[in-house]
Amino acid sequence: MIPTHYFLVLSAILFTIGVLGVLTRKNGITIFMSIELMVNAVNLTFLAYARQFHQTHGLIFVFFIMAIAAAEAAVGLAIFISLFHHRDTIDVDEANLMHW
Amino acid sequence: MEFAIFFFFAAIAVIFALVVVLHRNPVVGALSLVASFFALAVMYVLLEAPFLAALQIIVYAGAIMVLFLFVIMLLNLQHVAEPATRPVQQFLGYLTAAAFGIGLIYFVLKYAVFAALPKGPFLANARVLGIDIFQAYVFPFEMVSILLLAAIVGALVMSGRSMKGGRAAIGNEVPR
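The structure presented is a predicted model; accordingly, all values stated were derived computationally and were not measured.

In terms of regular secondary structure, chain A is built from three helices and zero strands. Computed over the C-alpha atoms, the radius of gyration of chain A is 17 Å, more than 25% above the 13 Å expected from 2.2 N^0.38 for a compact globule of 100 residues. Each of the three principal axes of chain A carries a C-alpha extent, and together these read 55 × 25 × 15 Å. Looking at the 100 residues of chain A, the share that counts as buried comes to 53%.

This is the structure:
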């Protein structure tokens, strides 16, 4: 059996990589993929603690997080398509107006 | 043996996650993210949650990442060169991320090292999860269904081009 903190450290590393992507990239879709990476790191933490404490609540949270990530991906990518139609770019530095 | 599997797939997950963040081409990034999610599904199996491992592959690697790839190819972004980030901001970004990661790992190793796992198998199959979802969590479950419906409507409203002379046509007349 692999101890819980191995998974927690792996999750921390993946979350940090996601933070790095959000902070250093300008391509909107890459930033969005980094956010998905962070969501998955948190899911791994939930599952590690669920096994550590023999509770199913963590697993059900992961279930709901997956559903919400699907909704988020649909709406977020629709926003990027709309932005691309208006601005011909998905560089987030260009998206500096609420209304145009 | 378990440790070998863990370290192998942990290395795969971390390396492909780095490719997502560092590679210039978003198509390569999306495919690397799929590979990273497959490695994470192996982690879920090691954590005795095979049902969620299957969901990870079906929902994340199968549905969400295909949506990403579809949008990247629809917008034809694989040929667009990303402008370089200004070096000061780039350096500050790396510095902040490194400080954050070191702090996170330090506190995990300081406070979250458990002595032992509890004895006995952890039963978390689809049957147990289904009973929990439809008893204790039935209200959040219904809320999620409403949320997904709202997301469908929102995505259609935002991504659909207006029929004739709608918002897109008005927006094009405004000087930039």
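This next bit is on the overall build of chain B. The helix and strand inventory of chain B stands at seven helices and zero strands. Counting from the amino terminus, helix and strand elements in chain B follow one another as α-α-α-α-α-α-α.

Contacts between the two partners involve 74 residues from chain B, matched on the other side by 64 residues from chain A. Those elements that provide at least two residues to the side of chain B that touches chain A are helix H1 (2–22), helix H2 (26–46), helix H3 (50–74), helix H4 (87–111), helix H5 (126–135), helix H6 (138–159) and helix H7 (167–173) of chain B.

Attention now moves to the nonpolar core. For soluble globular proteins, nonpolar side chains are generally found buried alongside one another. Of all hydrophobic cores here, the largest spans 66 residues; its most connected members are Ile 29, Leu 47 and Leu 59 of chain A together with Met 43, Tyr 44 and Phe 68 of chain B. Among the secondary structure elements, those contributing two or more residues to this core are helix H1 (4–24), helix H2 (28–53) and helix H3 (57–87) of chain A together with H1, H2, H3 and H6 of chain B. Residues lining this core come from more than one domain, with at least three contributed by each of domain 1 (1–81) and domain 2 (125–161) of chain B. Apart from the residues within four sequence positions on either side, Leu 47 of chain A is in contact with Gly 58, Leu 59 and Val 62 of chain A together with Tyr 44, Leu 47, Ala 49 and Leu 52 of chain B.

Attention now moves to the domain arrangement of chain B. Once the domains are mapped, chain B shows domain 1 (1–81) and domain 2 (125–161). Using only C-alpha atoms to locate each centre, domain 1 of chain B and domain 2 of chain B end up separated by 23 Å.

Before going further, it helps to spend a moment on unusual backbone geometry. Despite not being glycine, His 54 of chain A shows a phi value in the positive range, around 50°. Relative to the assigned elements, His 54 of chain A resides in the loop between H2 and H3. By C-beta crowding, His 54 of chain A is classed as partly exposed, having 15 other C-beta atoms within 10 Å. Phi is positive for Glu 48 of chain B, close to 65°, though the residue is something other than glycine. Relative to the elements of secondary structure, Glu 48 of chain B occurs in the loop between H2 and H3. Residue Glu 48 of chain B is classed as partly exposed on the basis of its C-beta count, with 19 C-beta atoms lying within 10 Å.

Residues and elements named next belong to chain A. Relative to the elements of secondary structure, Leu 47 occurs in helix H2. You can call Leu 47 buried: it has 27 C-beta atoms within 10 Å. Along the sequence, Leu 47 and Thr 4 sit 43 residues apart, while their C-alpha atoms lie 9.6 Å from each other.

Attention now goes to the packing of H2 of chain A against H2 of chain B. Packing of H2 of chain A against H2 of chain B leaves a shortest axis separation of 11 Å and a crossing angle of 5°. As judged from the angle between their axes, H2 of chain A and H2 of chain B are roughly parallel. Here Ile 29, Thr 30, Met 33, Glu 36, Leu 37, Asn 40, Leu 44 and Leu 47 of chain A of H2 of chain A come into contact with H2 of chain B, specifically with Pro 26, Gly 29, Ala 30, Leu 33, Phe 37, Leu 40, Met 43 and Tyr 44 of chain B. For the contact of H2 of chain A with H2 of chain B, a count of residues per class yields 12 nonpolar, three polar and one charged.

This brings us to the confidence of the model for chain A. The predicted model of chain A has a mean per-residue pLDDT of 89, with 97% of residues at 70 or higher. Here H3 of chain A stands out as the element of chain A with the lowest mean pLDDT, 89, in contrast to H1 of chain A, whose mean of 93 is the highest.

Time to look at the confidence of the model for chain B. Should the pLDDT be low somewhere, the predicted coordinates at that spot are not to be read in detail. Residues and elements named next belong to chain B. Averaged over every residue, the pLDDT of chain B is 85; the share at 70 or more is 88%. Predicted confidence is poor over residues 168–176, with pLDDT under 50, and the contacts of this stretch with residues over four places away or in other chains come to seven contacts. Overall fold confidence (pTM) sits at 0.88, and the ipTM for the predicted complex is 0.90.

Calculation rules
- Residues numbered from 1 in each chain as written.
- Chains lettered and ligands numbered in written order.
- Predicted model: local features only at pLDDT ≥ 70, side-chain atom pairs only at ≥ 80, totals over all residues.
- Helix = DSSP H or I, 4+ residues; strand = E, 2+ residues; numbered from the N terminus.
- Rg over C-alpha atoms; globule rule 2.2 N^0.38 Å.
- Buried ≥ 20, exposed ≤ 12 C-beta atoms within 10 Å, placed from the backbone.
- Contact = placed C-beta atoms within 7 Å.
- Core = buried A, V, L, I, M, F, W, Y, C linked by C-beta atoms within 7 Å.
- Domains from an automatic or database assignment.
- Axes fitted to C-alpha atoms, helices over the stretch in contact; angles between N-to-C directions.
- Parallel < 35°, antiparallel > 145°, perpendicular 65-115°, else oblique.
- Nonpolar A, V, L, I, M, F, W, Y, C, P; charged D, E, K, R; others polar.
- pLDDT = per-residue confidence, 0-100.

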